[in-house]
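# Structural features, examined
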Amino acid sequence: MTGPLRTRPAYGDVGRYLVDQSPVAVDLRDNTNLWGVPPAAARAIASAATAVSRYPRIYAAELKNALAEYVGVSAEMIVTGCGSDDVLDAALRAIADPGERMAHLDPTFPTAITFARMNGLVPIGVPFTADWDADVDALLATGARVIYLCSPNNPTGTIIARASLARIVEHAAGVVVVDEAYAEYAPSSAIDLARSSNRLLVLRTMSKAFGLAGLRVGYAIGAPDLVAEVEKSRGPYKVSVVAERAAVAALSTDIDWVQSRVAETIVNRRQFAALLGTLGLSPLPSAANFLFVPTPNAVALERALWKRGVGVRLYRGLTGIGDAIRMTVGPWNLMVALIRGLEQAIEHAEHTEATVVGAP
Ligand code: PMP
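As the structure is a computational prediction, the values presented were derived from the model and not from experiment.

## A closer look at the packing of aromatic side chains
Overall, the coordinates contain 5 aromatic pairs when judged by the stated rule. Both rings, one in Y70 and one in F210, keep their centres 5.3 Å apart while their planes meet at 90 degrees; by these two values the pair is edge-to-face. Of the two residues, Y70 is situated in helix α2 (residues 61-71) and F210 in the loop between β7 (200-205) and β8 (217-221); the sequence distance between them amounts to 140 residues. Residues F128 and W132 carry aromatic rings whose centres are separated by 5.5 Å and whose planes lie at 55 degrees to one another, so their mutual orientation is tilted. Accessibility expressed as a relative area gives 12% for F128, which makes it buried. If you follow R326 out to its NZ or CZ, it ends over the ring of F290, 5.6 Å from the centre.

## Details of the packing of helix α3 (residues 83-95) against helix α4 (residues 110-118)
One can describe the packing of α3 onto α4 by two numbers: an axis separation of 10 Å at closest approach and a directional angle of 40 degrees. Looking at the two axes, α3 sits oblique to α4. Crossing of α3 over α4 shows right-handed handedness. Contact residues: D85, L88, D89 and L92 in α3; T111, A112, F115 and A116 in α4. Split by residue class, the contact of α3 with α4 holds 5 nonpolar, 1 polar and 2 charged.

## What to know about the nonpolar core
One finds L63, L139, L149, V176, L200, M206 and I221 to be the most contacted residues of the largest nonpolar core, which totals 62 residues. No other element matches the 6 residues that helix α9 (residues 241-253) contributes to this core. Residues lining this core come from more than one domain, with at least three contributed by each of domain 1 (26-34 + 256-351) and domain 2 (39-254). Residues in contact with V176, not counting those within four places in the same chain, are I147, L149, I168, V169, R199, L200 and L201.

## Section: the site of the ligand
Surveying the vicinity of the ligand reveals 13 residues, the closest of which are S84, D179, Y182, T205 and S207. Contact distances for the ligand include 2.6 Å between an oxygen atom and a side-chain N or O atom of S207. Protein contacts shield 90% of the accessible area of the ligand, which totals 400 Å² for the unbound molecule. When residues of the shell around the ligand are assigned to their parent elements, the largest contribution, 3 residues, is made by α3. For the shell around the ligand, the per-class residue count stands at 4 nonpolar, 5 polar and 4 charged.

## Overview of the state of the cysteines
For the coordinates displayed, the defined rule picks out 0 disulfides. Left unpaired, C82 is separated from the closest cysteine sulfur, that of C150, by 19 Å. C150 sits in the buried class, given a relative accessible area of 5%.

## Thoughts on the layout of surface pockets
Estimated volume of the second largest pocket: approximately 250 Å³. As for the second largest pocket, its lining consists of 13 residues, and the residues nearest its centre are T295, N297, L301, I346 and A349. Within the lining of the second largest pocket, the residues separate by chemical class into 7 nonpolar, 4 polar and 2 charged.

## Some remarks on the domain arrangement of the protein chain
As assigned here, the protein chain comprises domain 1 (26-34 + 256-351) and domain 2 (39-254). Relative placement of domain 1 and domain 2: their C-alpha centres are 26 Å apart. Each side of the interface is counted separately: domain 1 has 24 residues, and domain 2 has 24 residues. Buried area between domain 1 and domain 2, both sides added, is near 2,000 Å², and the carbon and sulfur share of it is 65%. Considering only the side of domain 1, the residues that lose the most area to domain 2 are V258, A287 and T319, jointly responsible for 25% of the buried surface there. Along the contact surface separating domain 1 from domain 2 lie 0 salt bridges. Taken together, domain 1 and domain 2 are joined by 11 residue pairs in polar contact (both at pLDDT 80 or more). Taken together, the elements giving at least two residues each to the side of domain 1 that touches domain 2 come down to α10 (255-278), β9 (290-294) and β11 (313-318).

Reading the values: rules and limits
- Sequence order as written defines the numbering, with residues in each chain counted from 1.
- Totals for whole chains, interfaces and linings use all residues, but because this is a predicted model, local features are given only for residues with pLDDT of at least 70 and pairs of side-chain atoms are given and counted only at 80 or more.
- As a rule here, side-chain values come from all non-hydrogen atoms in the structure, and water together with hydrogens is ignored.
- Pairs were defined over the aromatic rings of Phe, Tyr and Trp, the Trp ring being its six-membered one, requiring ring centres within 6.5 Å. Orientation was assigned from the angle between planes: stacked under 30 degrees, edge-to-face over 60, tilted for the rest.
- Numbering of helices and strands starts at the N terminus; helices are DSSP runs of H or I of at least 4 residues and strands are runs of E of at least 2.
- Per-residue accessibility, obtained with a 1.4 Å probe over protein chains only, is compared with the maximum for each type, and a residue is labelled buried under 20%, exposed over 50%, and partly exposed between these values.
- A ring is scored as having a charge over it whenever the NZ atom of a lysine or the CZ atom of an arginine sits within 6 Å of its centre and within 35 degrees of its normal.
- A fitted line through C-alpha atoms serves as each axis, taken over the contacting stretch for helices, and the angle formed by two N-to-C directions is quoted from 0 to 180°.
- In this scheme, roughly parallel covers angles under 35 degrees and roughly antiparallel covers those over 145, while 65 to 115 is roughly perpendicular and the rest are oblique.
- For a crossing to be left-handed, the near helix must be turned anticlockwise from the far one by less than a right angle; the clockwise case is right-handed.
- Any two residues whose heavy atoms approach within 4.5 Å at even a single point are treated as in contact.
- Each residue is assigned to one of three groups, with Ala, Val, Leu, Ile, Met, Phe, Trp, Tyr, Cys and Pro labelled nonpolar, Asp, Glu, Lys and Arg labelled charged, and all others, Gly among them, labelled polar.
- Side-chain atoms within 4.5 Å link the members of a nonpolar core, which is a set of buried Ala, Val, Leu, Ile, Met, Phe, Trp, Tyr and Cys residues.
- Domain start and stop points were drawn from an automatic or database domain assignment.
- Any residue with a non-hydrogen atom lying within 4 Å of a molecule or strand is treated as near it.
- By the criterion applied in these results, polar contacts are pairs of N or O atoms within 3.5 Å in which, for protein atoms, one can donate a hydrogen and the other can accept it, and in which residues neighboring in sequence qualify only through two side-chain atoms.
- Using a 1.4 Å probe, accessible areas were evaluated by the Shrake-Rupley method; residue-level cover was limited to the displayed protein chains.
- Cysteine sulfur atoms are paired as a disulfide whenever they come within 2.5 Å of each other.
- Using a grid of 1 Å spacing that covers the protein atoms alone, one calls a set of points a cavity when a 1.4 Å probe fits there but cannot get out, and a pocket when the set is open and has protein on both sides within 12 Å along at least five of seven lines; lining residues are those with an atom within 4 Å of a point.
- Grid points are joined across faces, edges and corners, and a volume is the space filled by probe spheres set on the points.
- Two parts placed together each lose some accessible area under a 1.4 Å probe, and the buried area is that loss summed for both.
- Salt bridges, as used here, are contacts in which a Lys or Arg side-chain nitrogen is within 4 Å of a carboxyl oxygen on Asp or Glu.

Here's what the structure looks like:
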């Protein structure tokens with residue numbers, strides 16, 4: 001440190017990608033619920049205006065109760081925050097001291113790595129196994145104070161096998177954080193392991209299946225002692241009055257709406273994956289609301305889709321993968337727009353290639 005400031009990494013600054021939020025007609029970049037806001041939550045937002053002259057509850061007690069009921073644990077096993085990003089940030093401060101290590105699978109959600117660095121931790125990437133499971137021995141061998149796992153994993157969409165997860169939790173030197181931002185789309189969850197272990201914290205969000213990304217509501221589930229420490233590391237009033245009211249309304253009244261959108265997403269995911277196959281693209285098996293396609297043509301495809309008004313997320317030089325694109329799965333009309341864009345992009349690329357090859 002030379003001056004009064006310490007230089008911290010910026011959000012998204014993990015050297016591989018920056019978050020681009022420029023508007024685009026069909027935006028499939030951020031894995032949110034593309035059917036929109038659930039109806040009871042929308043009503044709660046509209047009627048919350050008169051309540052915002054006062055502070056919210058310090059630690060969102062009402063929301064904790066609603067979340068506890070939703071996931072089937074006691075309220076003392078829940079901590080909330082301003083998005084699950086905020087809960088992860090607080091958890092890293094609670095669990096580890098600057099200079100300690102955070103092991104993670106590579107590639108994974110880059111924000112987790114940024115938060116590790118922001119909190120002075122040293123991130124250590126461990127490659128996936130050939131079948132997209134966690135390399136348990138390699139993760140444990142790091143002896144890291146925190147093991148961050150994302151399942152379903154962003155960006156690959158793949159899940160960590162139950163037996164691998166259980167073994168990591170059993171033998172970890174410190175605390176295991178399992179990020180389940182996409183849990184509603186997945187066949188299983190680690191929450192039951194959190195009931196019996198005090199070194200597992202499961203992160204969840206209302207930004208994806210619940211359609212509330214803009215309100216910023218995240219939470220974590222863990223043993224009461226662990227959760228209490230995370231809460232102490234988190235600032236007060238992190239969930240606004242409007243966010244708490246909307247989230248509680250969604251949890252008490254919109255569950256059917258959420259579940260039927262999730263069911264539709266899973267059907268569309270399967271159909272969309274099959275269509276990608278007909279275009280010669282091979283998505284990884286996904287347990288989330290997005291598909292991830294490794295392809296050497298990722299840059300050209302992303303640019304060509306962008307010109308046709310379709311935004312997808314581009315990845316370059318990922319460990320063991322190379323270049324890839326990631327696409328949110330949503331209502332079928334959006335998938336049709338994407339497939340049309342891909343067909344045109346591929347046709348155009350073939351035409352260009354033929355011209356180039358045929359040129360003197
Ligand atoms: N974890 C993962 C794996 C994610 O993909 C995202 C969103 N992209 C988040 C956490 C962040 O969620 P939130 O909006 O709750 O901060």
